[in-house]
Amino acid sequence: HSGLLSLRIRQGNRRLNPLPLPLPLPIPLRALVIDDDRMLGEAFVAALRFCGFSVEYIGDSTKAVQAIEDQQPSLVTLDVNMPRMSGIEVLHAVRNNPATARTRIIMITASGMITHDEDAFRLADLVLLKPVNLSQLMTFAKRIAEQNPN
């Protein structure tokens, strides 16, 4: 077998030439962008999609922990300062759950708040300060992708 899937297409009674498709079809890695700032979140979504991730934006931190457990993403970007539930609270909840504890998490902060919580600083895989350098985000995302071959 050549590693190709042949797709046969019919048009009415006529059979068209088979279309070769490479096997296996790559399954994109999943990422979640959790940030109450939609504009910044959409920039992260675009950067991660450019790196080959399938990305979902979540603007409500109270939905973050459940989304991470349900979707088991390879990567999460998580804003520190969000209403209702801080990113640090989300980080602790994710790390304390055996089903999600190994999720790669990039913390995003403008305030330096995370430096006051050394435990949170240690629990994050990477901390980026706003304004975020998207090339740093993309470099880290590409490393994640290389470590998770499909």
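Placed above this text is the structure.
These lines cover the structure that appears in this document, whether it is placed above or below. Quick caveat: nothing in here was measured; it's all calculated off a predicted structure.

**Things to note about unusual backbone geometry**
Part 1: The omega angle of the peptide bond from Lys130 to Pro131 is 0°, so this bond is cis rather than trans.
Part 2: For Gln72, which is not glycine, the phi torsion reads 50° and is therefore positive.
Part 3: Inspection of the secondary structure assignment puts Gln72 in the loop between α2 (64-71) and β7 (75-79).
Part 4: Backbone geometry at Arg84 places phi at a positive 70°, although glycine is not the residue there.
Part 5: Of note, Arg84 is situated in the loop between β7 and α3 (87-95).

**Quick word on the packing of helix α1 (residues 38-50) against helix α5 (residues 134-147)**
Part 1: Where α1 contacts α5, the two axes come as close as 9 Å, and the packing angle between them is 40°. It follows that α1 is oblique to α5 by the angle criterion. The crossing of α1 and α5 is right-handed. From α1, Ala43, Phe44, Ala47, Leu48 and Phe50 reach across to α5, where they touch Leu134, Leu137, Met138 and Ala141.
Part 2: Residues of the contact of α1 with α5, tallied by class, amount to nine nonpolar, no polar and no charged.

**Some thoughts on the pattern of salt bridges**
Part 1: Enumeration over the complete set of coordinates arrives at four salt bridges.
Part 2: Salt-bridge contacts for Asp60 lead to Arg84; the nearest nitrogen and oxygen are separated by 3.3 Å. On the criterion of sequence distance, the pair formed by Asp60 in the loop between β6 (54-58) and α2 and Arg84 in the loop between β7 and α3 is long-range, its members being 24 residues apart.
Part 3: Here Asp79 ties to Lys130 by a salt bridge, and the two come within 3.3 Å at their closest N and O atoms. Remark: Lys130 occurs in the loop between β9 (126-129) and α5 and Asp79 occurs in strand β7; sequence separation between them is 51 residues.
Part 4: Given the relative accessible area of 3%, Asp79 is considered buried.

**Observations regarding the sheet that holds β7**
Part 1: One open sheet holds the five strands; their spatial order is β6-β5-β7-β8-β9, and the pairing between them is parallel. Pairing within the sheet leaves two strands with one partner each, and these edge strands are β6 and β9. Averaged over all neighbouring strand pairs, the angle between strand axes comes to 15°, with direction disregarded.
Part 2: The pairing of strand β8 (residues 104-109) with β9 spans four bridges and is parallel. By the bridge assignment, Met107 is partnered in β9 with Val127.

**Notes on α1**
One turn of an α-helix holds 3.6 residues; hence residues three or four places apart share an orientation.
Part 1: An ideal rise of 1.5 Å per residue puts 18 Å on 13 residues; α1 measures up with 18 Å between its terminal C-alpha atoms.
Part 2: If you check which residues of α1 are buried, you get Leu40, Gly41, Phe44, Val45, Ala47 and Leu48. Along the axis of α1, the buried positions cluster into a sector of 165°, meaning they face one direction only. Away from the buried face of α1 by more than 90 degrees, exposed residues Arg38, Met39 and Phe50 are located.
Part 3: Those residues of α1 that are buried lie in contact with β5 (30-34), β6, β7, β8 and α5.
Part 4: N-capping of α1 is provided by Asp37, with a side-chain oxygen placed 3.1 Å from the backbone N of Met39.
Part 5: Immediately downstream of α1, the backbone of Gly52 shows phi near 100°, a positive value.

Conventions used here
Residues numbered from 1 in each chain as written. Predicted model: local features only at pLDDT ≥ 70, side-chain atom pairs only at ≥ 80, totals over all residues. Heavy atoms only, no water. Helix = DSSP H or I, 4+ residues; strand = E, 2+ residues; numbered from the N terminus. Axes fitted to C-alpha atoms, helices over the stretch in contact; angles between N-to-C directions. Parallel < 35°, antiparallel > 145°, perpendicular 65-115°, else oblique. Left-handed = near helix turned anticlockwise from the far one by under 90°. Contact = heavy atoms within 4.5 Å. Nonpolar A, V, L, I, M, F, W, Y, C, P; charged D, E, K, R; others polar. Salt bridge = Lys/Arg side-chain N within 4 Å of Asp/Glu carboxyl O. Buried < 20%, exposed > 50% of the residue type's maximum accessible area, 1.4 Å probe, protein only. Pairing = 2+ DSSP bridges. Expected span 1.5 Å × (residues − 1). Arc of directions from axis to C-beta. Polar contact = N/O pair within 3.5 Å; in protein donor to acceptor, adjacent residues only side chain to side chain.

All quantities given are derived from atomic positions and should not be read as evidence of function.
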